[in-house]
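The primary structure of each chain is shown beneath.
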Amino acid sequence: MSQTYDRGTVEDFGRWREFRAGMWAWIFHKFTGWVLVGYLFTHIAVLSTATASDPTVYTNTLQGLEELLIVRILEVGLLAVAVFHILNGVRLLFVDLGMGLENQDKSFYASLVVTAAIVVASVPTFLAGV
Amino acid sequence: MAEHYSSFDRGGTRWLLQRVTAVFLVGVLAFHFFLLHFVNHAAEITFFGSQARMSQVGYFLTMVAFLVTATFHGVNGVYNALVNQGLSGTRKRAVGAVLTLASIALIAQGIRVAVAMTDLL
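Everything in this summary refers to the structure shown in the same document.

About the cut-offs
Residues numbered from 1 in each chain as written. Chains lettered and ligands numbered in written order. Predicted model: local features only at pLDDT ≥ 70, side-chain atom pairs only at ≥ 80, totals over all residues. Helix = DSSP H or I, 4+ residues; strand = E, 2+ residues; numbered from the N terminus. Buried ≥ 20, exposed ≤ 12 C-beta atoms within 10 Å, placed from the backbone. Contact = placed C-beta atoms within 7 Å. Nonpolar A, V, L, I, M, F, W, Y, C, P; charged D, E, K, R; others polar. Expected span 1.5 Å × (residues − 1). Bend = angle between axes of the 7 residues up to and from the residue.

## Focus: the overall build of chain A
Next, step 1: Of the regular secondary structure elements, chain A holds four helices and zero strands.
Next, step 2: The order of α-helices and β-strands along chain A, N terminus first, is α-α-α-α.
Next, step 3: The buried share among the 130 residues of chain A stands at 20%.
Next, step 4: A separation threshold of at least 6 residues defines the contact pool for chain A, and within that pool the share at least 24 residues apart is 67%.

## Observations concerning the interface of chain A and chain B
Next, step 1: Of the residues lining the interface, 36 residues belong to chain A; the matching set on chain B comes to 38 residues.
Next, step 2: Elements with a contribution of two residues or more to the side of chain A that touches chain B: helix 1 (21-47), helix 2 (55-66), helix 3 (69-96) and helix 4 (104-127) of chain A.
Next, step 3: Top element by residues in the side of chain A that touches chain B is helix 1 of chain A. It accounts for eight residues.
Next, step 4: A breakdown of the residues in the side of chain A that touches chain B according to their chemical character gives 20 nonpolar, 11 polar and five charged.

## Some remarks on helix 4 of chain A
All names here are of chain A.
Next, step 1: Along its 24 residues, helix 4 runs 34 Å from first to last C-alpha, staying within 8% of the 34 Å computed at 1.5 Å per residue.
Next, step 2: Remark: the principal bend of helix 4, roughly 35 degrees, maps to A121, with a proline, P124, within the next four residues.
Next, step 3: The complete set of buried residues in helix 4 reads F108, S111, T115 and F126.
Next, step 4: The first or second residue beyond helix 4 is G129, which carries a positive phi of 80 degrees.

Structure follows, in structure tokens:
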């Protein structure tokens, strides 16, 4: 027998005050999703320099951007956003399959910890040579 | 226990495609990030390096599939988020049309860029 369970309106952002792991997972997944789709459009725009007749336009644009510290820092941010979205996305796929629902809060915390570990370990690679 | 919440129309085609593309993107996004930041460092990327990668048929097809699935997954996600927030009626149809056109434009430009990088054609 299924039971109904009133969890309020998930769209009500005011609920963040009553801390729930699932609510924060939902907010973070939305936020990282918006960032990633925004980046996708920007990424294709920058790579469009490859359509210039002179190949150095593409090379100089990418290497010029990589010389800027702010770009390297933003790349670390992008990595954090992408890794969290991937890990939490896997968590959501399992939840959608009805697996691990009772541990959905723990898997959210695991997503955060693993994201932090990967990002911290990647910082030297991202900042190398700037 | 039925503590299930999904913002999607369960059983719908877009609901399923959002998840199928998610599974594909988990692997390809991780591969893309790893290849272009850890194997090849972004600061060392040149047109001719990109051309060498994009001129492999398997890589080219993977990147085009990446572009199409990421665009669908991202734009469909934005659309669902807006519908969740109460978008309806004429505004919903207008937003749907704008997002569809933006998706088509992004995929067309992305393929144009991929073709410009390759020496396959």
